[in-house]
Amino acid sequence: MNSVPIALNKASMRKYEDLEIPCESILAAYVWVDGSGIDLRSKDRTFDFVPKTNKDLPIWYFDGSNTSQASPDNSDTYIFPQVIYNDPFRRGSHILVLADTYQYNYQPTASNHRKNCTLVCEKGEVEEPWFGFNQEFFLTTTDGRPLGWPPGGFPAPPGPYYCAIGANKIVARDLMEAFYRCCLYAGVRINGINPGTTPSQWNFQVGPCPGIRAADDLWMARYILSRLAEEYGTVASFEPQPVPDWPGNGTFVYFSSKDMREEDGILVIERAIDKLARRHGAHINEYDANNGTDNARRLTGKNGMPHIRDFTAGNLYKY
(Lines give C-alpha, C1' and ligand atoms only; values in the text may rest on other atoms or scores of the structure.)
Protein backbone atom coordinates (compact mmCIF):
# COMPACT_ATOMS: atom_id res chain seq x y z
CA MET A 1 0.00 0.00 0.00
CA ASN A 2 1.33 3.45 -0.87
CA SER A 3 2.26 5.26 2.38
CA VAL A 4 2.51 8.63 0.65
CA PRO A 5 -0.71 10.72 0.70
CA ILE A 6 -2.35 10.76 -2.71
CA ALA A 7 -3.58 14.06 -4.13
CA LEU A 8 -7.14 13.61 -5.38
CA ASN A 9 -8.82 15.76 -7.99
CA LYS A 10 -10.66 18.22 -5.75
CA ALA A 11 -12.66 19.54 -8.70
CA SER A 12 -14.64 16.30 -8.60
CA MET A 13 -16.30 17.46 -5.37
CA ARG A 14 -18.07 20.27 -7.23
CA LYS A 15 -20.53 17.76 -8.67
CA TYR A 16 -21.78 16.99 -5.17
CA GLU A 17 -21.67 20.36 -3.42
CA ASP A 18 -25.25 21.19 -4.41
CA LEU A 19 -26.72 17.83 -3.36
CA GLU A 20 -29.59 18.60 -1.02
CA ILE A 21 -29.26 17.22 2.49
CA PRO A 22 -32.64 16.45 4.11
CA CYS A 23 -33.66 19.52 6.11
CA GLU A 24 -34.09 17.45 9.28
CA SER A 25 -30.49 16.14 9.10
CA ILE A 26 -27.84 17.99 11.10
CA LEU A 27 -24.24 16.91 10.57
CA ALA A 28 -21.92 17.16 13.56
CA ALA A 29 -18.13 16.73 13.60
CA TYR A 30 -16.88 15.73 17.07
CA VAL A 31 -13.32 17.00 17.58
CA TRP A 32 -10.96 15.90 20.35
CA VAL A 33 -7.28 15.87 21.39
CA ASP A 34 -5.68 12.43 21.02
CA GLY A 35 -3.16 10.66 23.25
CA SER A 36 -0.25 12.76 22.01
CA GLY A 37 -1.75 15.80 23.75
CA ILE A 38 -1.04 17.70 20.52
CA ASP A 39 -2.83 16.17 17.55
CA LEU A 40 -6.56 16.41 16.88
CA ARG A 41 -8.97 13.71 15.72
CA SER A 42 -12.56 13.94 14.52
CA LYS A 43 -15.51 11.83 13.44
CA ASP A 44 -18.93 12.78 12.09
CA ARG A 45 -22.47 11.77 12.82
CA THR A 46 -26.02 12.77 11.87
CA PHE A 47 -28.74 14.14 14.16
CA ASP A 48 -32.41 14.78 13.42
CA PHE A 49 -32.58 17.89 15.61
CA VAL A 50 -30.73 21.19 16.04
CA PRO A 51 -28.87 21.13 19.38
CA LYS A 52 -29.02 24.35 21.40
CA THR A 53 -26.31 23.49 23.93
CA ASN A 54 -23.74 20.75 24.46
CA LYS A 55 -26.14 19.12 26.94
CA ASP A 56 -28.44 18.30 24.02
CA LEU A 57 -25.76 16.17 22.39
CA PRO A 58 -25.11 12.52 23.28
CA ILE A 59 -21.87 11.15 24.65
CA TRP A 60 -20.16 9.21 21.85
CA TYR A 61 -17.33 6.70 21.74
CA PHE A 62 -14.38 5.56 19.66
CA ASP A 63 -11.57 2.97 19.68
CA GLY A 64 -8.97 4.58 21.92
CA SER A 65 -6.34 1.97 21.09
CA ASN A 66 -5.96 3.71 17.72
CA THR A 67 -5.37 7.13 19.29
CA SER A 68 -2.97 6.14 22.12
CA GLN A 69 -5.75 6.64 24.66
CA ALA A 70 -6.61 3.04 25.58
CA SER A 71 -5.19 -0.46 25.51
CA PRO A 72 -6.38 -2.91 22.79
CA ASP A 73 -7.94 -5.24 25.37
CA ASN A 74 -10.25 -2.50 26.69
CA SER A 75 -10.38 0.15 24.02
CA ASP A 76 -13.77 1.83 24.52
CA THR A 77 -13.10 5.55 24.94
CA TYR A 78 -15.82 8.17 25.33
CA ILE A 79 -16.08 11.70 23.98
CA PHE A 80 -18.14 14.14 25.99
CA PRO A 81 -19.39 17.14 23.95
CA GLN A 82 -18.36 20.43 25.58
CA VAL A 83 -18.62 23.34 23.13
CA ILE A 84 -20.64 23.81 19.94
CA TYR A 85 -19.31 25.88 17.01
CA ASN A 86 -20.88 26.71 13.65
CA ASP A 87 -19.43 24.56 10.89
CA PRO A 88 -17.78 26.82 8.25
CA PHE A 89 -17.26 23.89 5.90
CA ARG A 90 -20.81 22.54 5.68
CA ARG A 91 -22.54 25.72 6.93
CA GLY A 92 -26.27 25.89 7.46
CA SER A 93 -27.24 24.38 10.82
CA HIS A 94 -24.33 21.92 10.80
CA ILE A 95 -21.90 22.07 13.71
CA LEU A 96 -18.42 21.39 15.01
CA VAL A 97 -18.32 19.95 18.53
CA LEU A 98 -15.25 20.27 20.75
CA ALA A 99 -15.19 17.27 23.07
CA ASP A 100 -12.98 15.84 25.78
CA THR A 101 -12.12 12.19 26.35
CA TYR A 102 -12.81 9.62 29.06
CA GLN A 103 -11.73 6.04 29.67
CA TYR A 104 -14.03 3.02 29.75
CA ASN A 105 -14.62 3.73 33.48
CA TYR A 106 -15.53 7.37 32.76
CA GLN A 107 -12.31 8.70 34.27
CA PRO A 108 -10.47 11.36 32.20
CA THR A 109 -7.86 10.01 29.79
CA ALA A 110 -4.23 11.02 30.40
CA SER A 111 -4.44 13.66 27.66
CA ASN A 112 -7.72 15.15 28.92
CA HIS A 113 -6.37 18.27 30.63
CA ARG A 114 -9.58 20.19 30.00
CA LYS A 115 -11.32 18.52 32.94
CA ASN A 116 -8.83 19.82 35.55
CA CYS A 117 -8.48 23.13 33.73
CA THR A 118 -12.23 23.68 34.01
CA LEU A 119 -12.15 22.97 37.75
CA VAL A 120 -9.27 25.43 38.27
CA CYS A 121 -11.06 28.10 36.23
CA GLU A 122 -14.22 27.63 38.29
CA LYS A 123 -12.25 28.02 41.54
CA GLY A 124 -10.67 31.21 40.23
CA GLU A 125 -13.83 32.83 38.85
CA VAL A 126 -13.76 35.49 41.57
CA GLU A 127 -10.44 36.73 40.12
CA GLU A 128 -12.06 37.15 36.67
CA PRO A 129 -9.09 35.68 34.77
CA TRP A 130 -8.64 36.53 31.09
CA PHE A 131 -6.50 34.46 28.72
CA GLY A 132 -5.26 35.04 25.21
CA PHE A 133 -3.03 32.99 22.90
CA ASN A 134 -0.75 33.73 19.98
CA GLN A 135 -0.16 30.58 17.91
CA GLU A 136 2.79 30.25 15.52
CA PHE A 137 2.81 27.57 12.81
CA PHE A 138 4.48 26.60 9.56
CA LEU A 139 2.70 25.65 6.34
CA THR A 140 4.53 22.71 4.78
CA THR A 141 4.25 20.19 1.99
CA THR A 142 3.04 16.71 2.93
CA ASP A 143 6.67 15.59 3.19
CA GLY A 144 7.49 18.34 5.68
CA ARG A 145 9.22 20.98 3.54
CA PRO A 146 8.20 24.59 4.36
CA LEU A 147 6.08 26.14 1.62
CA GLY A 148 7.81 28.79 -0.44
CA TRP A 149 11.36 27.72 0.40
CA PRO A 150 13.74 27.26 -2.57
CA PRO A 151 14.04 23.64 -3.73
CA GLY A 152 17.00 22.03 -1.97
CA GLY A 153 17.99 25.28 -0.24
CA PHE A 154 17.09 28.00 2.22
CA PRO A 155 15.57 31.47 1.88
CA ALA A 156 17.34 34.65 2.94
CA PRO A 157 17.88 34.96 6.73
CA PRO A 158 14.98 36.08 8.95
CA GLY A 159 14.21 39.78 8.90
CA PRO A 160 12.06 40.76 5.92
CA TYR A 161 9.22 38.29 6.50
CA TYR A 162 7.50 39.38 9.72
CA CYS A 163 4.14 41.06 8.92
CA ALA A 164 5.44 41.33 5.34
CA ILE A 165 3.68 41.98 2.05
CA GLY A 166 4.65 40.46 -1.29
CA ALA A 167 4.88 37.06 -2.95
CA ASN A 168 8.67 37.09 -2.51
CA LYS A 169 8.28 37.23 1.28
CA ILE A 170 5.14 35.32 2.26
CA VAL A 171 3.00 32.43 1.06
CA ALA A 172 -0.65 31.37 1.25
CA ARG A 173 -2.34 34.65 2.12
CA ASP A 174 -5.51 33.30 0.48
CA LEU A 175 -5.50 30.30 2.79
CA MET A 176 -5.05 32.56 5.82
CA GLU A 177 -7.85 34.87 4.69
CA ALA A 178 -10.10 31.81 4.41
CA PHE A 179 -8.96 30.70 7.88
CA TYR A 180 -9.74 34.10 9.40
CA ARG A 181 -13.25 34.11 7.94
CA CYS A 182 -13.93 30.49 8.89
CA CYS A 183 -12.97 31.16 12.52
CA LEU A 184 -15.26 34.17 12.73
CA TYR A 185 -18.10 32.19 11.16
CA ALA A 186 -17.54 29.31 13.57
CA GLY A 187 -17.70 31.59 16.60
CA VAL A 188 -14.00 31.40 17.50
CA ARG A 189 -12.93 34.68 19.07
CA ILE A 190 -10.00 35.20 16.73
CA ASN A 191 -8.26 38.51 17.35
CA GLY A 192 -5.93 38.69 14.35
CA ILE A 193 -3.45 37.03 11.99
CA ASN A 194 -0.03 38.01 10.63
CA PRO A 195 2.93 36.56 8.68
CA GLY A 196 5.66 35.16 10.93
CA THR A 197 9.43 35.53 11.09
CA THR A 198 10.24 33.13 8.24
CA PRO A 199 8.62 32.35 4.87
CA SER A 200 5.73 29.89 5.32
CA GLN A 201 5.23 30.85 8.97
CA TRP A 202 2.07 32.61 10.17
CA ASN A 203 0.62 33.56 13.54
CA PHE A 204 -2.95 33.86 14.74
CA GLN A 205 -4.34 35.22 17.99
CA VAL A 206 -7.43 34.23 19.98
CA GLY A 207 -8.93 35.99 22.98
CA PRO A 208 -8.80 37.62 25.37
CA CYS A 209 -11.58 35.54 26.88
CA PRO A 210 -12.59 34.70 30.45
CA GLY A 211 -11.85 31.28 31.90
CA ILE A 212 -11.42 28.31 29.61
CA ARG A 213 -13.05 29.91 26.56
CA ALA A 214 -9.76 31.04 24.97
CA ALA A 215 -8.26 27.55 25.27
CA ASP A 216 -11.34 25.98 23.67
CA ASP A 217 -11.17 28.53 20.85
CA LEU A 218 -7.45 27.85 20.36
CA TRP A 219 -8.06 24.13 19.86
CA MET A 220 -10.97 24.73 17.49
CA ALA A 221 -8.92 27.27 15.52
CA ARG A 222 -6.16 24.66 15.16
CA TYR A 223 -8.73 22.20 13.85
CA ILE A 224 -10.18 24.68 11.35
CA LEU A 225 -6.67 25.59 10.17
CA SER A 226 -5.68 21.96 9.69
CA ARG A 227 -8.88 21.22 7.78
CA LEU A 228 -8.38 24.21 5.50
CA ALA A 229 -4.74 23.33 4.89
CA GLU A 230 -5.92 19.84 3.93
CA GLU A 231 -8.18 21.37 1.28
CA TYR A 232 -5.29 23.43 -0.09
CA GLY A 233 -3.04 20.35 -0.23
CA THR A 234 -0.70 21.58 2.48
CA VAL A 235 -0.08 20.86 6.18
CA ALA A 236 -0.29 23.20 9.19
CA SER A 237 2.66 22.20 11.39
CA PHE A 238 2.88 23.21 15.04
CA GLU A 239 6.21 21.37 15.36
CA PRO A 240 8.37 23.44 17.77
CA GLN A 241 11.50 23.30 15.60
CA PRO A 242 10.61 22.37 12.00
CA VAL A 243 14.01 23.45 10.62
CA PRO A 244 17.19 23.37 12.75
CA ASP A 245 18.86 26.75 13.34
CA TRP A 246 15.78 28.67 12.17
CA PRO A 247 13.02 30.26 14.27
CA GLY A 248 10.44 27.66 15.21
CA ASN A 249 6.86 27.58 16.47
CA GLY A 250 5.50 28.35 19.89
CA THR A 251 2.36 29.50 21.63
CA PHE A 252 2.46 32.77 23.55
CA VAL A 253 0.07 32.91 26.50
CA TYR A 254 -1.36 36.21 27.74
CA PHE A 255 -3.00 36.40 31.15
CA SER A 256 -4.54 38.96 33.46
CA SER A 257 -6.74 38.96 36.53
CA LYS A 258 -9.22 41.61 37.60
CA ASP A 259 -6.65 43.15 39.97
CA MET A 260 -4.04 43.29 37.22
CA ARG A 261 -6.37 45.30 35.02
CA GLU A 262 -7.01 47.98 37.63
CA GLU A 263 -5.12 51.27 37.90
CA ASP A 264 -2.37 49.98 40.24
CA GLY A 265 -2.36 46.52 38.64
CA ILE A 266 1.37 46.70 37.88
CA LEU A 267 2.08 45.84 41.53
CA VAL A 268 -0.03 42.68 41.25
CA ILE A 269 1.74 41.79 38.01
CA GLU A 270 5.19 42.20 39.60
CA ARG A 271 4.24 39.90 42.48
CA ALA A 272 2.97 37.29 40.00
CA ILE A 273 6.21 37.53 37.99
CA ASP A 274 8.23 36.92 41.15
CA LYS A 275 6.23 33.76 41.88
CA LEU A 276 6.63 32.55 38.29
CA ALA A 277 10.41 33.07 38.43
CA ARG A 278 10.71 30.82 41.46
CA ARG A 279 9.13 27.87 39.63
CA HIS A 280 10.47 28.48 36.15
CA GLY A 281 11.91 24.97 35.69
CA ALA A 282 8.69 23.24 36.76
CA HIS A 283 6.64 25.47 34.47
CA ILE A 284 8.88 24.79 31.46
CA ASN A 285 8.16 21.08 31.85
CA GLU A 286 4.45 21.66 32.39
CA TYR A 287 3.98 23.96 29.38
CA ASP A 288 4.89 21.14 27.03
CA ALA A 289 3.08 17.99 25.92
CA ASN A 290 6.41 16.12 26.07
CA ASN A 291 7.57 17.10 29.57
CA GLY A 292 9.86 19.90 28.49
CA THR A 293 11.69 18.22 25.61
CA ASP A 294 9.91 20.29 22.96
CA ASN A 295 10.73 23.50 24.81
CA ALA A 296 14.37 22.39 25.03
CA ARG A 297 14.50 21.97 21.24
CA ARG A 298 13.25 25.50 20.66
CA LEU A 299 14.55 27.59 23.57
CA THR A 300 18.23 27.40 22.66
CA GLY A 301 19.29 31.02 23.12
CA LYS A 302 19.57 31.37 19.34
CA ASN A 303 17.33 32.86 16.61
CA GLY A 304 15.89 35.45 18.95
CA MET A 305 14.80 32.83 21.48
CA PRO A 306 15.86 32.87 25.16
CA HIS A 307 17.66 29.89 26.65
CA ILE A 308 15.45 27.36 28.41
CA ARG A 309 17.24 28.02 31.72
CA ASP A 310 16.63 31.78 31.60
CA PHE A 311 13.63 33.58 33.04
CA THR A 312 13.06 37.07 31.65
CA ALA A 313 10.50 39.74 32.49
CA GLY A 314 9.85 43.26 31.31
CA ASN A 315 9.59 42.52 27.58
CA LEU A 316 6.12 41.45 26.50
CA TYR A 317 7.53 39.66 23.46
CA LYS A 318 10.01 37.42 25.32
CA TYR A 319 8.95 34.27 27.09
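About the thresholds
- Residues numbered from 1 in each chain as written.
- Predicted model: local features only at pLDDT ≥ 70, side-chain atom pairs only at ≥ 80, totals over all residues.
- Heavy atoms only, no water.
- UniProt positions renumbered as here; feature names shortened; annotations may be inferred.
- Core = buried A, V, L, I, M, F, W, Y, C linked by side-chain atoms within 4.5 Å.
- Buried < 20%, exposed > 50% of the residue type's maximum accessible area, 1.4 Å probe, protein only.
- Helix = DSSP H or I, 4+ residues; strand = E, 2+ residues; numbered from the N terminus.
- Contact = heavy atoms within 4.5 Å.
- Polar contact = N/O pair within 3.5 Å; in protein donor to acceptor, adjacent residues only side chain to side chain.
- Pairing = 2+ DSSP bridges.

The chain goes by glutamine synthetase in an unreviewed UniProt entry, where it is assigned to Euphydryas editha. UniProt annotates the chain under Subcellular location (unreviewed entry) with the comment "Cytoplasm". In UniProt, the chain has this text filed under Sequence similarities (unreviewed entry): "Belongs to the glutamine synthetase family."

This paragraph deals with the nonpolar core. Ranked by internal contacts, the top residues of the largest apolar core, which has 36 residues, are Tyr85, Phe179, Val188, Phe204, Met220, Ile224 and Leu225. Put simply, the parts of the chain that give this core at least two residues each are strand S1 (26-33), strand S4 (76-86), strand S5 (95-102), strand S6 (130-140), helix H2 (173-186), strand S8 (201-210) and helix H3 (213-231). In terms of residue count, the dominant contributor to this core is H3 (ten residues). Contacts of phenylalanine 179, omitting those with residues within four sequence positions, involve Ile190, Ile193, Phe204, Ala221, Ile224, Leu225 and Leu228. Ala28, Phe47, Trp60 and Ala99 belong to the second largest nonpolar core, which has twelve residues in total.

The next subject is the side chain of arginine 298. Locating arginine 298 in the fold gives a position in helix H6 (residues 293-298). Within polar-contact distance, the side chain of arginine 298 engages the backbone oxygen of glycine 248 at 3.4 Å.

Among the ten residues of S8, eight are classified as buried, and the element is accordingly described as predominantly covered. Relative to S8, S6 runs antiparallel, the two sharing eight bridges. Bridge pairing links phenylalanine 137 to tryptophan 202 in S8. In this sheet, S8 lies alongside strand S7 (residues 190-195) in antiparallel orientation, the contact comprising five bridges. Opposite isoleucine 193, over in S8, you have phenylalanine 204 as the bridge partner. Hairpin connection, S7 to S8: the antiparallel pair is bridged by five residues, and serine 200 has positive phi, about 85°.

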